[in-house]
Amino acid sequence: MNLPTLKEARAFLSEGQARNPGAWVDHSIVVARAAEAISTYHPDLDPYDAYIMGLLHDIGRREGVTGMRHILDGYRFLEEKGFEDAARVCLTHSFPIRDVRAALGRWDCSEEELQFVKDTLARVAYNDYDRLLQLCDALALPSGFCLIEKRLVDAALRHGINEYILPKWRATLEIQRAFEETIGRSIYSVLPGVMENTFGLRQT
Ligand SMILES: [Fe+2]
């Protein structure tokens, strides 16, 4: 695995927070905790590596408030440092289905850059880490873990929808089903506070 150490990953995230403060930092930490928790029960995943990938999956946000270009910025930032596995996840985490048209955010990049994303998605074989991060991205609000369906609706309300939304939702729920089969339990059973966070029980 070509990943930074946890110390390096934390330093990248704090630097990113200083450059572009926002909810994305807390979201990234929640994604990392979910990835670690689920990996603990998975025979082929390393919780330490999964945590690092979670911390860095949105690191492209360090470049400012952007749309889909954050996946390219994150990819480049980590690729240039030689952290290929963390870089790949920056690019794949938004695509439970491999189609750039399924992205709900705007494509604020050049034609060449968009072509690069298309080519990369067509070329890479998704591994369990790619799928894990797609899953965890879909259950992590900045305030904590939540029901996947809530987070999917939250994203649709923020960005709008297109004709790819149902295949994308189905793919995300299929990833959940596959992970639950492998770990032999509901993912929610290993995510503390999911009920309180989903239903806002702590806010009363
Ligand atoms: Fe994310």
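Look up: the structure comes first, before these words.
Residues numbered from 1 in each chain as written. Predicted model: local features only at pLDDT ≥ 70, side-chain atom pairs only at ≥ 80, totals over all residues. Heavy atoms only, no water.

Just checking my understanding: could you explain the coordination of the iron ion for this structure?
Each angle at a metal carrying four tetrahedral donors should ideally be 109.5 degrees, and each at a metal carrying six octahedral donors should ideally be 90 or 180 degrees. The coordination sphere of the iron ion, as far as protein atoms go, consists of His-27 (NE2), His-57 (NE2), Asp-58 (OD) and Asp-137 (OD), spread over 2.0 to 2.5 Å. Considering all four donor atoms around the iron ion, the spread of angles at the metal, 81 to 170 degrees, places the coordination shape in the irregular class. Mapping the donors of the iron ion onto the primary sequence gives the spacing H-x29-H-D-x78-D. Here His-27, found in helix α2 (residues 23-40), pairs with Asp-137, found in helix α7 (residues 128-137); they are 110 residues apart in sequence, far enough to count as distant. In terms of burial, His-27 and Asp-137 fall into one category: buried. (Donors = N, O, S within 2.8 Å, 3.2 Å for Na, K, Ca; no water. Tetrahedral: all angles 85-135°; square planar, octahedral: opposite > 155°, others 65-115°. Helix = DSSP H or I, 4+ residues; strand = E, 2+ residues; numbered from the N terminus. Buried < 20%, exposed > 50% of the residue type's maximum accessible area, 1.4 Å probe, protein only.)

Can you help me understand the pattern of salt bridges in this one?
Any two side chains of opposite charge can pair, so long as their charged atoms come close to each other. In the structure shown here, the tally under the stated rule is 15 salt bridges. Arg-131 is the salt-bridge partner of Asp-128, the closest N and O atoms lying 3.4 Å from each other. Of the two residues, Asp-128 and Arg-131 are both situated in helix α7; the distance of three residues between them amounts to about one turn of the helix. Accessibility expressed as a relative area gives 25% for Asp-128, which makes it partly exposed. On the accessibility criterion, Arg-131 (30% relative accessible area) is partly exposed. Among the charged side chains, a network of salt bridges with common partners joins Glu-15, Arg-19, Arg-62 and Glu-63. (Salt bridge = Lys/Arg side-chain N within 4 Å of Asp/Glu carboxyl O.)

The analysis is restricted to geometry; functional conclusions fall outside its scope.
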